[in-house]
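Take a look at the letters that make up each chain.
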Amino acid sequence: MENSRKAFTDLIAKGVAAGSVMKRDEMMFSHKGILYPTTICSPEAFKALESFEARSDDVILAGYPKSGTNWLSQILNDLIAISQKKTLGKEKLEEFPYLEVGDPEKYERMLKLPSPRFMATHLRPENLPTSIFRKKVKILLLVRNPKDVATSFFHFSNGLGILPSYDTWDDFFTDFMSKKVAWGSYFEYLSEWNKYIDKENIMAITYEELKENPALGVKNIAAFFGIPLTEEELQLVVERSSFQSMKKNSEKTHGSFGNVFFRKGGVSDWKNLFSEEQNEKMDKVFEEQVAGTKLGKKLKYDVYCKA
Ligand code: PPS
């Protein structure tokens, strides 16, 4: 395990240890009507986050849990290293990269970090510190088709003890559809972020389009953040961020949790879990809440979520 990633693995290990002695109903708490895992988040940290001072050159990745945020984090960190002419993969991770995860003092420590600071978040826009929008910080918004998100979330809940586990997929599906999972409803997440989609400081990308054409995706992301890339650098970032490379390297980057964070890395695994009835239920909710929005159309639901 590389020492440089200790901030990641130590926090997860602590969360797993805390979760192992908690009763199921103690494992989540509600903040502004949304559930979060007690094992790695706290009301005190949320309070401290409100006054977090963003910098205009911060690099922010927003994505609901299980939409591929570790993948895009790798890409963005490599792009930042290239922009600073540093060797890829050698940077030391000073803080756990998800903004809302960690202790309340984290934001004080982040004041001392050099620019550009990278941070990921699973939060909805209305729950992000207002300085992010005031400073027009660039945000890469990552979305993934909701059926694969739910599938990945189910396996993750049973693979890592920071979240309540489930005896059956059906139980998880019920909770996923009724806002009873960590970070709340994915459908509400999509409709809230849709309100921001036309802002110049926001770029949306789907997991599926990146999977289909990683070189084009990385090129567009680099252009959005104003990072010039040679063809060679582009190929390197693409190669280092492939699922195979990241899974192979995961012992170094994610320690013993590697296999949980890098599970299958594909599209359509939902077909192994969803019943006919569950398909109909999700299709209906998506149609009612998200399908007509710009972000909803970008997800190409008919391509990726119809049997
Ligand atoms: S987390 O726990 O919320 O931070 O998870 P997150 O990283 O957002 O999402 C995990 C899923 O992303 C897949 N993954 C990848 N897919 C393609 N390429 C690469 N490089 C990659 N890295 C991670 C990971 O396998 C999870 O999806 P599933 O479907 O469970 O495999």
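Residues numbered from 1 in each chain as written. Predicted model: local features only at pLDDT ≥ 70, side-chain atom pairs only at ≥ 80, totals over all residues. Heavy atoms only, no water.

*Asks:* Describe the overall build of the chain, with residues and values.
*Replies:* What the chain contains, in helices and strands, is 17 helices and 6 strands. For the chain, whose C-alpha radius of gyration is 18 Å, the value lies close to the compact-globule estimate of 19 Å for 307 residues. C-alpha atoms of the chain, sized along the principal axes, occupy 50 × 40 × 40 Å. Counting only residues that meet the buried cut, the chain has 56% of its 307 residues in that class. Of all intrachain contacts in the chain linking residues separated by at least 6 positions in sequence, the fraction that spans at least 24 positions is 73%. Within the structure as shown, the chain displays about 14300 Å² of accessible surface, and the carbon and sulfur contribution to it stands at 51%. (Helix = DSSP H or I, 4+ residues; strand = E, 2+ residues; numbered from the N terminus. Rg over C-alpha atoms; globule rule 2.2 N^0.38 Å. Buried < 20%, exposed > 50% of the residue type's maximum accessible area, 1.4 Å probe, protein only. Contact = heavy atoms within 4.5 Å. Areas by Shrake-Rupley, 256 points an atom, 1.4 Å probe, with all protein chains shown as cover.)

*Asks:* Explain the site of the ligand to me, using residue names and the numbers behind them.
*Replies:* Near the ligand you find 23 residues, and of these Thr69, Ser152, Tyr207, Lys264 and Gly265 are the closest. Interatomic distance of 3.4 Å between a side-chain N/O atom of His122 and an oxygen atom of the ligand. Residue Ser152 places a side-chain N or O atom 2.6 Å away from an oxygen atom belonging to the ligand. At the level of elements, α3 (69-83), α6 (146-159), α9 (207-212) and α12 (243-248) are the ones that each hand at least two residues to the shell around the ligand. No other element matches the 3 residues that α3 contributes to the shell around the ligand. Of the residues assigned to the shell around the ligand, the class counts are 9 nonpolar, 9 polar and 5 charged. (Near = heavy atom within 4 Å. Polar contact = N/O pair within 3.5 Å; in protein donor to acceptor, adjacent residues only side chain to side chain. Nonpolar A, V, L, I, M, F, W, Y, C, P; charged D, E, K, R; others polar.)

*Asks:* Any chance you could break down a negative patch on the surface for me, citing the residues and the numbers?
*Replies:* Taken together, the side chains of Asp167, Asp170, Asp171, Glu276, Glu277 and Glu280 make up a negatively charged region of the molecular surface. Elements that contribute at least two residues to the negative patch include exactly α7 (169-177) and α15 (276-289). Here the negative patch takes 3 residues from α15, the largest share from any one element. Judged by relative accessible area, Glu277 falls into the exposed class, the value being 65%. (Patch = residues over 30% accessible without salt bridge, like charges linked within 9 Å, V, L, I, M, F, W, Y side chains within 5 Å. Salt bridge = Lys/Arg side-chain N within 4 Å of Asp/Glu carboxyl O. Lys, Arg positive; Asp, Glu negative; His and termini not counted. Charge placed at Lys NZ, Arg CZ, Asp CG, Glu CD.)

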